[in-house]
Amino acid sequence: MAAISRLSAAAVTVGALLASAGAALAGLGQPVPWQLGLQESASPIMDDVSWFSDFLLWVISAITLFVLVLLAIIILRFNARANPAPSRTTHNTPLEIIWTIVPVIILVTIAVPSFRLLFVQLEVPKPDLTLKATGKQWYWSYGYPDNGNFEFDSQLVADKDLKPGQPRLLTVDNEMVVPVNKVVHVLVTGADVIHSFTVPSFGIRIDAIPGRLNDTWFKATKEGMYYGQCSELCGTDHAFMPIAVRVVSDADFATWLATAKKEHSAGGSTAPDRLAAAAAPGR
Ligand SMILES: [Cu+2]
């Protein structure tokens, strides 16, 4: 038994180390090399997602450890050599009641925060800003219906055009820009095939389906750059349609809006350029 308690103590230590390493290696807004856990949270929803993930990890670890201990006891104490005359017991009513009720309690303990999180994700609070994200083969278009209804395309920046510090395969020419600490309601649809609008640090992922309007919401709590990727296999360039969201102060957002309105109000689409790029050698 001493060996078993030492084993469980070691497992708890390893678990705690992994959890802290995961936290240390979680990037804010983008993944980092050797990352173990989820990306660092920048929204109330993602705070809950991270908490729920950690909570489940503890539950799973405890169950696994418990089963491991039972297996060890059976292997050591009830093998043919240690226990030559086995008991012929087939029923134990109190034990059967316990092993029915305890799993029910565990499942309910998991279900309550899980459903709460689902409802919080689905119920959009009163939005401060509504945006429209349209998934296209293979880039995103962002519209600002509250602010003059201008729309622009957001396309991947090729490796050779990256500036220092810009992440490869995540940087785009025109980012989605939103103000910090504001509820942003995102209407999501697809123009051709099913795409998926995903930003890990905001804890959002929703399918972009042609002919249907899905919606999600986030409230970014820290200024900065946040990256995501299309998360539905959508064709050859599926891996080359990142989502980049720049979270700025209210004042910076107003400045950006003024320029963006002028720049994009013509509603010009860059799709033909994109088709030319896709046809270019090396793609
Ligand atoms: Cu896609």
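Now for a quick tour of the structure. Because the structure is a prediction, the values reported are computed rather than measured.

The helix and strand inventory of the protein stands at 5 helices and 10 strands. For the protein, buried positions account for 33% of its 283 residues. Counting contacts in the protein only where the partners sit at least 6 residues apart, residues at least 24 apart contribute 63% of the total. Of the accessible surface of the protein, which amounts to about 16,700 Å², a share of 65% is contributed by carbon and sulfur atoms.

With that settled, consider a nonpolar patch on the surface. Where nonpolar side chains cluster on the molecular surface, the patch consists of I63, F66, V67, L70, L71, I74, I75, L76 and F78 and spans about 880 Å² of accessible area. Tracing the backbone shows L71 in helix 2 (residues 44-77).

Moving on: the packing of aromatic side chains. Evaluated as defined, the whole model comprises 14 aromatic pairs. Centre to centre, the rings of Y144 and F152 are 6.1 Å apart; their planes meet at 20 degrees, and the pair counts as stacked. Of the two residues examined, Y144 and F152, each falls in the buried class. Their ring planes at 75 degrees and their centres at 6.1 Å tell us that F152 and W256 sit as a pair that is edge-to-face. Highlighted residues: F152 in strand 3 (residues 150-154) and W256 in helix 4 (residues 250-264), separated in sequence by 104 residues. For W256, a relative accessible area of 16% puts it in the buried group. Site record: aromatic cluster; members linked through ring pairs are W140, Y142, Y144, F150, F152, F197, F253 and W256.

A few words on the coordination of the copper ion. Ligation of the copper ion by protein atoms is provided by H195 (ND1), C230 (SG), C234 (SG) and M241 (SD), these donors lying 2.0 to 2.6 Å from the ion. For the copper ion, the 4 donor atoms in the first shell make angles of 92 to 127 degrees at the metal, so the coordination geometry reads as tetrahedral. Counting along the primary sequence, the residues that act as donors to the copper ion give the motif H-x34-C-x3-C-x6-M. Placement of the pair is H195 in strand 6 (residues 195-199) and C234 in the loop between strand 9 (224-229) and strand 10 (242-248), with a sequence separation of 39 residues. Among the residues examined, H195 registers a relative accessible area of 0% and is labelled buried. A relative accessible area of 6% places C234 in the buried class.

One way to put it is that helix 2 packs onto helix 3 (residues 93-122) with a least axis distance of 11 Å and a crossing angle of 165 degrees. With respect to each other, helix 2 and helix 3 are oriented roughly antiparallel. Crossing geometry of helix 2 relative to helix 3 is assigned as left-handed. Across the interface between the two elements, I45, D48, V49, W51, F52, F55, L56, V59 and I63 from helix 2 touch I106, T109, I110, P113, S114, R116, L117, V120 and Q121 from helix 3. Here the residues of the contact of helix 2 with helix 3 sort into 13 nonpolar, 3 polar and 2 charged.

Turning our eyes to something else, we now look at the sheet that holds strand 1 (residues 129-136). Sheet architecture is open: 5 strands sit in the order 3-2-1-5-8, paired in mixed fashion. Single-partner strands in this sheet number two, and they are strand 3 and strand 8 (214-219). For this sheet, the mean angle separating the axes of adjacent strands, direction not counted, is 25 degrees. As judged from the 6 bridges shared by strand 5 (residues 183-190) and strand 8, these two strands associate in the antiparallel manner. Bridge pairing links H185 to W217 in strand 8.

What follows covers the sheet that holds strand 9. Reading across the sheet, the 3 strands line up as 4-10-9 and stay open at both edges, with mixed pairing between neighbours. The strands lining the two open edges of the sheet, one partner per strand, are strand 4 (176-179) and strand 9. Averaged over all adjacent pairs, the angle separating strand axes in this sheet is 25 degrees, with direction ignored.

Definitions and cut-offs
Residues numbered from 1 in each chain as written. Predicted model: local features only at pLDDT ≥ 70, side-chain atom pairs only at ≥ 80, totals over all residues. Heavy atoms only, no water. Helix = DSSP H or I, 4+ residues; strand = E, 2+ residues; numbered from the N terminus. Buried < 20%, exposed > 50% of the residue type's maximum accessible area, 1.4 Å probe, protein only. Contact = heavy atoms within 4.5 Å. Areas by Shrake-Rupley, 256 points an atom, 1.4 Å probe, with all protein chains shown as cover. Patch = residues over 30% accessible without salt bridge, like charges linked within 9 Å, V, L, I, M, F, W, Y side chains within 5 Å. Salt bridge = Lys/Arg side-chain N within 4 Å of Asp/Glu carboxyl O. Phe/Tyr/Trp six-rings, centres within 6.5 Å; stacked < 30°, edge-to-face > 60°. Donors = N, O, S within 2.8 Å, 3.2 Å for Na, K, Ca; no water. Tetrahedral: all angles 85-135°; square planar, octahedral: opposite > 155°, others 65-115°. Axes fitted to C-alpha atoms, helices over the stretch in contact; angles between N-to-C directions. Parallel < 35°, antiparallel > 145°, perpendicular 65-115°, else oblique. Left-handed = near helix turned anticlockwise from the far one by under 90°. Nonpolar A, V, L, I, M, F, W, Y, C, P; charged D, E, K, R; others polar. Pairing = 2+ DSSP bridges.

Remember that the coordinates give geometry; whether it matters functionally is a separate question.
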